[in-house]
Amino acid sequence: MTDAAIKVEDITYSYGDLQAVKGISFEVQPGEILGFLGPNGAGKSTTIKMLTGQIAPKSGLAQILGKDITLDDPDIQARIGVCFEEKNLYLSMSGKENLDFYASLYGIKDAGSVEILRRVGLADRAKDRVKTYSKGMRQRMMISRAFINSPDVLFLDEPTDGLDPVTSASIRNTIKEEAGRGAAVLLTTHDMFEADELSNRVAFLNDGVIVALDTPENLKLKYGKRSVKIRLRDGAGVREETVALDAPESGELIKAAVGSGEVLTIHTEEATLEDIFIKMTGRGLAG
Amino acid sequence: MSLTRMFKIFRKDLALGPRSPIFMWAIILPFALTFILQVAFGSLFSAKPRLAIVDQGASEITASIKQMDGIELTLLDSADEMRAGVEANDFDAGLVLSSGFDAAVKSGDKPLLDLYIGGESLASNRIILSVTTLDLVRQVEDSAPPVDVRVENFGNEGLPISVRLVPVIMMYALFIAGAFVPASSLVEEKENGTLSALLVSPVKASEVLLAKGLLGTTLAFVMAFMTLFLNDALGGQPFLLVVVVLAAAAFSSVLGVAIGAASRDSASMFTLVKGSGIFLFAPVAFYLFPEWPQWIAKLFPTYWTIDPIWQVAVLGKGFDAVWLDLLVALAIALALIPLIRLLSIRMQRKLVAE
Ligand SMILES: Nc1ncnc2c1ncn2[C@@H]1O[C@H](COP(=O)(O)OP(=O)(O)OP(=O)(O)O)[C@@H](O)[C@H]1O
Ligand SMILES: [Mg+2]
């Protein structure tokens, strides 16, 4: 077994009296993508801030690449990439200038900034000031900056927030490429489809506590409802029946429906991460 | 602590300078202030009387006036030109010395001397020019004046206001370029969140603060020299001048970094600057008002770097006159370092949390 790239044991954080993270533990292996899901205010960003050394956990252990991150160690910081939740770029510098500057801080001589901008679809705007970029373009800049040092550990706080569907899909591909070359990725998102597609495992965080942590498949098996939805002609109208697949009477119910000769459509209903999210957190997707 | 990274940040800030209004303000300010203050006070207090002479012979009077520092002399060829100039207030007064004037005076004839006085000229200049002319005529005549004049200096003796204004302009140049530019650059990085982005990279807070300090020192050094140059106050010892100006530039940037580290956002920075401004600028008032008790100026920290510049650049003094001041300034700067370290730790905490 390889050493975990991110190793967290029972960390907590409080803003004044408000306990935002209440003792969570997890690991992320090199090449693995861990999706962090949870309602607004669950503590996702706070956890990322602790792991990137921006704030120190009040208690617990947080190790990145085998070293304690709270020690503010340049050797470790050189090997992580962070995409912040709030955009923080130099607006009066061009996209290329932004990347070249950050690359120089890592001691990278030839950063290939334009090539990195090409990966996020910004190569043709490389020389324009970031001030003139649209919201989505700035978000793509944020992602490209996180990649500048080919990090071994990537922290991406809502990386596809505000991106159009085509761009989101292409950004998801680049995130997979990063994991493919061996980076450990901790990613937060409010997009359940994205979490499902990208994550090797997902963690549900609610009110500062991890309430579930497993592969999307296992979670669906464990918490999901397996059912079929049958639409039937009912006089002049249409009637819908949902039949659970695992109940003892399921067979009879489906047979009866089909036997009635009134069936319009039958769909199997897969459990989605969204269903699990609602079940886990007791509410719908916020934000 | 990596000097390479510190230098990268410094270079970035320097390159961004022309895109920053505050940076540009720091560059323009010494020019604008010198211009405004010297126009406002310079011409009011220290303009020399302007005399035009049409000398048709080679009069001793012309030769004597040429020797005088206090009169701005213009030699003209034609009387008409001179009259037009006086009328246009290009000169305060003008006179025509005919070819035989000196000889006529010496032989005891009383030749006619036309003195044209401009209607817009200052009364003081008219008196100076008339009295000087009469006095010189008497010298040509070689006769003793009819009375003995005892000269008694009255009122303030001292440097003209245009010179006493130099510390004021200097303090502005040093404060805006040396303190305000680094402080606002640091605060801007906090407000835009770019400081957080720097700090999750291998960059350390100390490297950022040092880079901002270097930015302030460099800019303040250049602008302080520019101020001295514009005000014609470069003294006679270039090397010592570089030392005292560099010390003042570095000192103000230490203050600037402290202000920047202590301020959470631009609003609190402006409050801090307003609060500390009077404390920093107070010493220069003592150059404007030499009759005030001068020891009070020494209670203010900026005195210890402004005074060496005054001594070397304006008064032309040497190392003896400034080494103690510089030592005190160094001690104050060193005492500020632990404070800045504390502020830096607090700053990093406040970036994210309460
Ligand atoms: N700077 C702060 N000062 C005080 N409280 C804060 C601060 N930042 C976050 N909190 C609180 O901590 C809790 C967790 O916030 P956090 O930003 O980690 O949530 P999140 O899971 O990232 O939410 P979102 O999905 O909205 O991004 C919230 O209750 C929030 O109000
Ligand atoms: Mg968040």
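Because the structure is predicted, anything quoted here is derived from the model rather than measured.

Draft legend 1. Highlighting the coordination of the magnesium ion (ligand 2). Residues and elements named next belong to chain A. Looking at the metal site, the magnesium ion (ligand 2) is ligated by Ser45 (OG) and Glu85 (OE), spaced 1.9 to 2.2 Å from it. Here Glu85 lies in the loop between strand E6 (80–83) and helix H3 (95–105) and Ser45 lies in helix H1 (residues 44–51), a separation of 40 residues in the sequence. Residue class for Glu85 comes out partly exposed when judged on its relative accessible area of 35%.

Draft legend 2. Representation of the interface of chain B and chain A in the model. Across the boundary between the two partners, chain B contributes 22 residues, which contact 27 residues of chain A. Together, the buried faces of chain B and chain A total about 2,100 Å²; carbon and sulfur atoms form 63% of this surface. For the interface between chain B and chain A, the tally reads one salt bridge. Across the salt bridge formed by Arg19(B) and Glu97(A), the nearest N and O atoms sit 3.2 Å from each other.

Draft legend 3. Broad picture of a nonpolar patch on the surface. On the surface, a cluster of nonpolar side chains totalling about 720 Å² of accessible area is made up of Phe319(B), Trp323(B), Leu324(B), Leu327(B), Leu330(B), Leu334(B) and Ile337(B). Locating Leu334(B) in the fold gives a position in helix H14 (residues 323–352).

Draft legend 4. Examining the environment of Asn206(A) more closely. Residues and elements named next belong to chain A. Summarising the element assignment, Asn206 is placed in strand E9 (residues 201–206). You can call Asn206 buried: its relative accessible area is 16%. Distance from Asn206 to Ile76, taken between C-alpha atoms, is 29 Å for residues 130 residues apart in sequence.

Draft legend 5. Focus on a positive patch on the surface. Taken together, the side chains of Lys58(A), Arg346(B), Arg349(B) and Lys350(B) present a region of like positive charge at the surface. The exposed category is assigned to Lys58(A), whose relative accessible area is 53%.

Draft legend 6. Fine view of the domain arrangement of chain B. Partitioning chain B into domains gives domain 1 (3–40 + 160–353) and domain 2 (50–141). The C-alpha centroid of domain 2 of chain B is placed 50 Å from the C-alpha centroid of domain 1 of chain B.

Draft legend 7. Structural view of the domain arrangement of chain A. All names here are of chain A. Partitioning chain A into structural domains gives domain 1 (6–79 + 151–219), domain 2 (92–146) and domain 3 (225–269). On a C-alpha basis, the centroid separation for the pair domain 1 and domain 2 is 23 Å. Taken residue by residue, the interface counts 15 residues in domain 1 and nine residues in domain 2. Taken together, the two surfaces of domain 1 and domain 2 that pack against each other cover about 920 Å², and 59% of this comes from carbon and sulfur. Across the contact surface, domain 1 and domain 2 share two salt bridges. Ionic pairing is found between Glu178 and Arg119, a salt bridge with its closest N-O pair at 2.8 Å. Where domain 1 touches domain 2, the interface holds three residue pairs in polar contact (both at pLDDT 80 or more). Among the elements that make up the side of domain 1 that touches domain 2, the one with the highest residue count is helix H6 (residues 165–180) (five residues). For the side of domain 1 that touches domain 2, the class distribution of residues is seven nonpolar, four polar and four charged.

Draft legend 8. Highlighting the site of ligand 1. Residues and elements named next belong to chain A. Contacts to ligand 1 come from 15 residues, most closely from Gly41, Lys44, Ser45, Thr46 and Glu85. The separation between an oxygen atom of ligand 1 and a polar side-chain atom of Asn40 is 2.9 Å. At a separation of 2.8 Å, an oxygen atom of ligand 1 approaches a polar backbone atom of Gly41. When the free accessible area of ligand 1 is taken as 630 Å², the share hidden by the protein chains comes to 69%. Elements with a minimum of two residues in the shell around ligand 1: strand E2 (18–28) and H1. The leading source of residues in the shell around ligand 1 is H1, at three residues.

Draft legend 9. Representation of the packing of helix H5 (residues 135–147) of chain A against H6(A) in the model. All names here are of chain A. Contact pair H5 / H6: the axes reach a minimum separation of 12 Å and the direction vectors enclose 10 degrees. With respect to H6, the axis of H5 lies roughly parallel. On H6, the residues that touch Arg140, Ile143 and Phe147 of H5 are Thr167, Ile171, Thr174, Ile175 and Glu178.

Draft legend 10. Representation of the packing of aromatic side chains. All names here are of chain B. A full pass over the atoms with the stated rule returns 17 aromatic pairs over all chains. Geometrically, the ring pair formed by Tyr172 and Phe281 is tilted, given 4.8 Å between the ring centres and 55 degrees between the ring planes. With Tyr172 in helix H8 (residues 166–191) and Phe281 in helix H12 (residues 266–288), the pair connects residues that are 109 residues apart, well separated along the chain. Between the aromatic rings of Tyr303 and Trp304, the centroid separation amounts to 5.0 Å while the plane-to-plane angle is 90 degrees, which identifies the pairing as edge-to-face.

Draft legend 11. Spotlight on the nonpolar core. Grouped together as the largest cluster of nonpolar side chains are 147 residues, with contacts concentrated most on Ile6(A), Phe26(A) and Phe155(A). In terms of residue count, H8(B) provides more of this core than any other element does, 15 residues in total. Beyond its immediate sequence surroundings of up to four residues, Ile6(A) is in contact with Phe26(A), Glu27(A), Val28(A), Leu51(A), Gln63(A), Ile64(A), Val153(A), Phe155(A) and Leu186(A). Residues Ile61(B), Ala93(B), Leu95(B) and Phe101(B) belong to the second largest nonpolar core, which totals 14 residues.

Draft legend 12. Structural detail: the side chain of Asp157(A). All names here are of chain A. Looking at where Asp157 falls in the secondary structure, it is placed in strand E7 (residues 153–157). In this structure the side chain of Asp157 is engaged in a polar contact, spanning 2.7 Å, whose partner is the side chain of Ser45. Separated by 2.7 Å, the side chains of Asp157 and Thr188 make a polar contact. If near-sequence neighbours (up to four positions away) are discounted, Asp157 is found in contact with Ser45, Ile48, Cys83, Phe84, Glu85 and Thr188.

Rules behind the numbers
Residues numbered from 1 in each chain as written. Chains lettered and ligands numbered in written order. Predicted model: local features only at pLDDT ≥ 70, side-chain atom pairs only at ≥ 80, totals over all residues. Heavy atoms only, no water. Donors = N, O, S within 2.8 Å, 3.2 Å for Na, K, Ca; no water. Helix = DSSP H or I, 4+ residues; strand = E, 2+ residues; numbered from the N terminus. Buried < 20%, exposed > 50% of the residue type's maximum accessible area, 1.4 Å probe, protein only. Contact = heavy atoms within 4.5 Å. Buried area = accessible area lost by both parts, 1.4 Å probe. Salt bridge = Lys/Arg side-chain N within 4 Å of Asp/Glu carboxyl O. Patch = residues over 30% accessible without salt bridge, like charges linked within 9 Å, V, L, I, M, F, W, Y side chains within 5 Å. Areas by Shrake-Rupley, 256 points an atom, 1.4 Å probe, with all protein chains shown as cover. Lys, Arg positive; Asp, Glu negative; His and termini not counted. Charge placed at Lys NZ, Arg CZ, Asp CG, Glu CD. Domains from an automatic or database assignment. Polar contact = N/O pair within 3.5 Å; in protein donor to acceptor, adjacent residues only side chain to side chain. Nonpolar A, V, L, I, M, F, W, Y, C, P; charged D, E, K, R; others polar. Near = heavy atom within 4 Å. Axes fitted to C-alpha atoms, helices over the stretch in contact; angles between N-to-C directions. Parallel < 35°, antiparallel > 145°, perpendicular 65-115°, else oblique. Phe/Tyr/Trp six-rings, centres within 6.5 Å; stacked < 30°, edge-to-face > 60°. Core = buried A, V, L, I, M, F, W, Y, C linked by side-chain atoms within 4.5 Å.

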